[in-house]
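Spelled out from the first residue to the last, the chains are:
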Amino acid sequence: MSQRILTERLPVGHRLPSETELMEEYGLGRVTVREALRLLERDGLIEIKRGPGGGIYVRHPDITQVSEAISLLFSVQQVTLREFLAFRQMVEPGAAALAAVHATDEQREAILQAAEADQPEFGPVVDLHVLIGESTGNGVLRLVLQALHSPMAAHFRSDKIHEHHRTETMKAHRKIAEVIASRDAAGAERAMKRHLDAYARYLEEVGLIDEPIVPQPRWQMVR
């Protein structure tokens, strides 16, 4: 069944054969078919609706589930902000350069708008980094940065962020957005690197660099 969904690129909402029809098609017993359906539902490939008008329908895995699972793993394993930042410093400057080359006009406009948005909280900050990943033209980068949305949102310590930090972050994001919009790949890479280097200095300054990305008490908030 999973092969059919993937190879035939069945759209979300496409109705699949019933449990009885699947038993007949594959020559399997009811218990085996139900277990297979349970696994497909767990993996986010199908949705089983019960009652009148119910049935088995195609769905696609939700990246939010992956993102929350990563947050849980980071929390359990006490992965530090130093480690998270090192990963971001390796990946995101290159992602910004690719976005400058591959972003559509609509994506460039969305990045500019996200950078200009009022940011009393840090949700828009995370959204900007995810938008850049979506604009790279690279499916791996897009999914990885989407999957990191939850830990990125959870790692901010609001009590250690002051107005001048917000101001500097917004200035850095505007610069990144502007060079991406102008299709300057080298400039976008440099701007993102400067932004993340400044963030590293901030983490050192406030004593957070070796703290866990997602403190365990905050896991309930992430969920």
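Coordinates for the structure precede this section.
Bear in mind the structure is a predicted one, so any value in this text is a computation, not a measurement.

1. Looking at the packing of aromatic side chains
Tallied over the entire structure, the rule returns 2 aromatic pairs. Ring geometry for Tyr 199 versus Tyr 202: centroids 5.6 Å apart, planes at 25°, classification stacked. Highlighted residues: Tyr 199 and Tyr 202, both in helix α11 (residues 185–205), separated by 3 residues, approximately one helical turn. Of the two residues, Tyr 199 and Tyr 202, neither departs from the other in class, the shared state being buried.

2. Some words on the environment of Lys 171
Here Lys 171 lies in helix α10 (residues 163–181). The spatial distance from the C-alpha of Lys 171 to the C-alpha of His 195 is 9.5 Å, given a sequence separation of 24 residues.

3. What about the environment of Arg 34?
When you line up the elements, Arg 34 lands in helix α3 (residues 30–42). When the C-alpha atoms of Arg 34 and Met 23 are compared, they prove to be 9.5 Å apart, with 11 residues separating the residues in sequence.

4. Quick notes on the packing of helix α5 (residues 81–102) against α11
Where α5 meets α11, the axes come as close as 7 Å, and the angle between the chain directions of the two elements is 160°. As summarised for this structure, α5 and α11 are arranged roughly antiparallel, according to the angle between their axes. For the crossing formed where α5 meets α11, the hand is right-handed. Of the residues in α11, those in contact with Leu 81, Arg 82, Leu 85, Arg 88, Gln 89, Glu 92, Pro 93, Ala 96, Ala 97, Ala 100 and Val 101 of α5 are Ala 185, Ala 188, Glu 189, Met 192, Lys 193, Leu 196, Asp 197, Tyr 199, Ala 200, Leu 203 and Glu 204. Looking at the contact of α5 with α11, its residues break down into 14 nonpolar, 1 polar and 7 charged.

5. Focus on the pairing of strand β2 (residues 46–49)
Every second residue of β2 is oriented toward a common face, the buried set being Ile 46 and Ile 48 and the non-buried set Glu 47 and Lys 49. Taken together, the 4 bridges between β2 and strand β3 (residues 55–58) define a ladder with antiparallel strand orientation. Considered in β3, the bridge of Lys 49 is made with Gly 55.

6. Quick word on the packing of α5 against helix α8 (residues 139–147)
To characterise two packed helices, one gives the angle between the axes of the helices and the distance between these axes. Following both chains from N to C, one finds α5 and α8 inclined at 130°, their axes separated by 11 Å at the closest point. One finds that α5 runs oblique with respect to α8. Two packed elements cross with a definite hand, and for α5 against α8 that hand is left-handed. Within the contact between the two elements, α5 uses Phe 87, Val 91, Glu 92, Ala 95 and Leu 98 and α8 uses Leu 141, Val 144 and Leu 145. For the contact of α5 with α8, the residue count by class is 7 nonpolar, no polar and 1 charged.

Cut-offs and rules
The numbering scheme is per chain: residues are counted from 1 as the chain's sequence reads. In keeping with the model being predicted, local features are shown solely for residues with a pLDDT of at least 70 and side-chain atom pairs are shown and tallied solely at 80 or more, while totals for entire chains, interfaces and linings include all residues. The side-chain figures draw on all heavy atoms in the structure; neither hydrogens nor water molecules are used. Between rings of Phe, Tyr and Trp, where Trp is taken as its six-membered ring, a pair exists when centres lie within 6.5 Å; planes separated by under 30 degrees are stacked, by over 60 edge-to-face, and by other angles tilted. Secondary structure elements follow DSSP: runs of H or I no shorter than four residues count as helices, runs of E no shorter than two count as strands, and numbering proceeds from the N terminus. Under the scheme applied here, a residue whose accessible area is under 20% of the maximum for its type counts as buried, over 50% as exposed, and between as partly exposed, the area being computed with a 1.4 Å probe on protein chains only. To obtain an axis, a line is fitted to C-alpha atoms, over the contacting stretch when the element is a helix, and the angle between two such axes runs from 0 to 180 degrees between their N-to-C directions. Here the angle decides the label: under 35 degrees means roughly parallel, over 145 means roughly antiparallel, 65 to 115 means roughly perpendicular, and every other value means oblique. Whether a crossing is left-handed or right-handed is set by the direction in which the near helix is turned from the far one by less than a right angle, anticlockwise for left-handed and clockwise for right-handed. Should any heavy atoms of two residues lie within 4.5 Å, those residues are considered in contact. The nonpolar class holds Ala, Val, Leu, Ile, Met, Phe, Trp, Tyr, Cys and Pro. Asp, Glu, Lys and Arg form the charged class, and all remaining residues, Gly among them, are polar. Only when DSSP finds a minimum of two bridges between them are two strands counted as paired.

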